[in-house]
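The lines below spell out each chain.
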Amino acid sequence: MMRVMIQMNNYNIIEFDRLDSTNKYMKENLDRLSPFDIVRAVVQTSGYGRMQRSWYDNSDNLSFSMYLKTKKISRLGQLPQLAAVSVVSVLNEYGVEAKIKWPNDVLVDGKKICGILVETVLTKDTVSVILGIGLNVNNQYFTDDLKQKATSIYQQKGKLYDMRMLLNNLATKLTFFFNQFESGDATFMQVARDESFLIGKEVMLYEGDVVRVTNIDDTGRLVVIKNGKEQTYSGSEVSLQNIYNS
Ligand code: BTN
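Here's a quick rundown of the structure. Source: prediction; values computed, not measured. (Residues numbered from 1 in each chain as written. Predicted model: local features only at pLDDT ≥ 70, side-chain atom pairs only at ≥ 80, totals over all residues. Heavy atoms only, no water.)

### Re the layout of surface pockets
The line we're drawing: Site definitions follow a grid-based scheme: protein atoms alone, a 1 Å grid, a 1.4 Å probe that fits but cannot get out for cavities, and for pockets an open set with protein on both sides within 12 Å along at least five of seven lines, plus lining residues having an atom within 4 Å of a point. Grid points are joined across faces, edges and corners, and a volume is the space filled by probe spheres set on the points. Numbering goes from the N terminus for both helices and strands, where a helix is a DSSP run of H or I of at least four residues and a strand is a run of E of at least two. Each residue is assigned to one class: nonpolar for Ala, Val, Leu, Ile, Met, Phe, Trp, Tyr, Cys and Pro, charged for Asp, Glu, Lys and Arg, and polar for all the others, Gly among them.
Looking at the largest pocket, its volume works out to about 940 Å³. What lines the largest pocket is a set of 42 residues, and nearest its centre among them are Arg53, Trp55, Asp105, Lys112 and Gly115. For the lining of the largest pocket, the secondary-structure elements that each account for two or more residues are α1 (22–28), β4 (61–70), β6 (105–108), β7 (111–123), β8 (126–136) and β13 (240–243). Considering each element in turn, the lining of the largest pocket owes the most residues, five residues, to β7. Class assignment for the residues of the lining of the largest pocket results in 16 nonpolar, 19 polar and seven charged.

### Details of the site of the ligand
Our working definition: It suffices for a single heavy atom of a residue to lie within 4 Å of a molecule or strand for the residue to be listed as near it. A 3.5 Å cut-off defines polar contacts: any pair of N or O atoms within that distance qualifies, except that in protein one atom must be a possible hydrogen donor and the other a possible acceptor, and neighbouring residues in sequence count only when both atoms are side-chain atoms. Think of it this way: a molecule belongs to a cavity or pocket when more than half its atoms come within 2 Å of the grid points there.
Lining the immediate environment of the ligand, one finds 19 residues, of which Ser21, Thr22, Gln44, Tyr48 and Lys112 sit closest. Residue Gln44 places a side-chain N or O atom 2.9 Å away from a nitrogen atom belonging to the ligand. One of the backbone N or O atoms of Tyr48 is found 2.7 Å from a nitrogen atom in the ligand. In a pocket analysis with a 2 Å cut-off to the grid points, the ligand is assigned to the largest pocket. Of all the secondary structure elements, the ones that give two or more residues to the shell around the ligand are α1, β4, β7 and β8. Ranked by the residues each element gives to the shell around the ligand, the list is headed by β7, at four residues. Here the residues of the shell around the ligand sort into six nonpolar, 11 polar and two charged.

### Let's talk about the pairing of β8
As a reminder, the rule being used: Buried, partly exposed and exposed residues are distinguished by accessible area as a fraction of the type maximum, computed with a 1.4 Å probe on protein chains only: under 20%, between the cut-offs, and over 50%, respectively. We call two strands paired when DSSP finds no fewer than two bridges between them.
β8 sits mainly inside the fold: 11 of its 11 residues count as buried. On β8, burial covers both faces: Thr126, Ser128, Ile130, Gly132, Gly134 and Asn136 on one face and Val127, Val129, Leu131, Ile133 and Leu135 on the other are all buried. Where β4 meets β8, 10 bridges bridge the pair, whose relative direction is antiparallel. Its bridge partner lying in β8, Leu62 is registered against Leu135. The sheet contact formed by β7 and β8 spans 10 bridges and is antiparallel. Bridged to Glu119 within β8 is Ile130. Where β7 folds back on β8, the antiparallel hairpin that results is connected by two residues, among which Lys124 adopts a positive phi of roughly 50°.

### Here's the deal with the environment of Tyr48
Formally: Any two residues whose heavy atoms approach within 4.5 Å at even a single point are treated as in contact.
With respect to the helices and strands, the residue Tyr48 is situated in the loop between β3 (38–44) and β4. A residue is classified by how much of its surface remains accessible, and Tyr48, at 22% relative accessible area, is partly exposed. Along the backbone, Tyr48 and Asp218 are 170 residues apart, and their C-alpha atoms lie at a distance of 27 Å. Excluding anything up to four places from it in sequence, Tyr48 contacts Ser21, Asn23, Lys24, Lys27, Arg53, Ser54, Trp55, Leu117 and Glu119. A polar atom in the side chain of Tyr48 sits 3.4 Å from the side chain of Lys27.

### A few points about the packing of aromatic side chains
The cut-off we apply is this: Stacked, tilted and edge-to-face pairs are distinguished by plane angle, under 30 degrees for stacked and over 60 for edge-to-face with tilted covering the rest, among Phe, Tyr and Trp rings (Trp via its six-membered ring) whose centres lie within 6.5 Å. Placement of a charge over a ring requires the Lys NZ or Arg CZ to be within 6 Å of the ring centre, with the centre-to-atom vector within 35 degrees of the ring normal.
As enumerated under the stated definition, the model contains six aromatic pairs in all. Aromatic ring contacts, followed pair by pair, group Phe36, Phe178 and Phe181 into a single cluster. In this structure, Arg75 is placed above the aromatic ring of Phe181, and the distance from its NZ or CZ to the ring centre is 4.6 Å. Stacked on the ring of Phe197, the Lys or Arg Lys201 has its end atom at 3.8 Å from the ring centre.

### Observations concerning unusual backbone geometry
Residue Trp102 is joined to Pro103 through a cis peptide bond whose omega torsion reads 0°. In this structure, Pro103 sits in the loop between β5 (99–101) and β6. Look at Asp109: it is not a glycine, yet its phi comes out positive at around 50°. Among the secondary structure elements, Asp109 is positioned in the loop between β6 and β7. Phi at Lys124 takes a positive value of approximately 50°, unusual for a residue other than glycine.

### Some details on the pattern of salt bridges
Quick reminder of the rule: Basic side-chain nitrogens of Lys or Arg form a salt bridge, by our definition, when they fall within 4 Å of a carboxyl oxygen of Asp or Glu.
Following the criterion strictly, the structure yields 14 salt bridges and no others. Salt-bridge contacts for Arg40 lead to Glu15; the nearest nitrogen and oxygen are separated by 3.1 Å. One end of the pair, Arg40, is in strand β3; the other, Glu15, is in strand β2 (residues 12–19), with 25 residues separating them in the sequence. Just as Arg40 is buried, Glu15 falls in that class too. As a salt-bridge pair, Lys173 and Glu93 come within 2.7 Å of each other at their nearest N and O atoms. Residue Lys173 is found in helix α5 (residues 163–182), and its partner Glu93 is found in helix α2 (residues 79–93); the two are separated by 80 residues along the sequence. Taken together, the shared-partner salt bridges connect Glu15, Arg40 and Arg164 into one network.

No statement about biological role is implied by the geometric values presented.
The structure is reproduced here in C-alpha cells:
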C-alpha cells in the first residue's frame, strides 16, 4: 500500500510500507513515473541484486530506486559507478569512510554497507534506467551469516539516522552526478577510481583466474592484467570471488 507521496523541487518520492522490490515495481510502472522520481519501500520482501542474488532487507535499511532517462547508451556502464560515487560522498558527509568495490558495492572496512543494482529498459533510442540502491543505515545487528560481511552507518557511528533526510541527500547527489553524466563530463569516474577498493589488488574471477586490477576505464569497465596481458570486463561479464592482498 502506498504510504506517502512527497513532492520535492525536482522529483517525487513515492513511499510504500512494503514492496517485493522497488526495482521491480519501477520497471512495471515506468509509464506512470517521471524521470528523477524515486520509489522507496520501508521494507522490501524480495529485493534482489546482480546475478539473481537476494538482498537482505528490513526497515533498518534504506531501499529505493530512482528513475533516470538517457540517450547516452555507450556510457551506461558508468551508471553503477555514478551511484557508488554518490553513496560514498554522502557517507563521507556522515563521517563514514567508504570504498567502492567495482562494479556495484560500497564497503566500509572491507564490509558491505551498500549494494547497487542498475537495470535498463531500451525504448527506441532512449534508455530508461532503474537505479536501485540498498543502504544499511540503522541496522544494529546482522544475522550470523552476514555478520562478518556487512556493516551499517549505525555500526560505524553508534547513532540512528533519519532515513528521509538521508534519502534527500542521496537524491541530491545522484541528480548532481547524473547531470554531469548527461553533459558528457566524466569527472565522477575519476572519483570512482580514487575511491576504488580494487585498483592495485589481486582478485579471483569467478572462473578461477587470479588477475591484478589496474584501473576502471572511462566506460566503467574493469581493467586487469591477466597472464601478463591487459584485459577489460564489464560488470555483466565477470563476477569476482576472493580478494587477496587487502
Ligand atoms: C547487490 O548487492 O548485488 C545489489 C543489491 C541492490 C539492492 C537494491 S535495494 C533497492 C533496489 N530494489 C531491489 O530489488 N534491488 C535494489
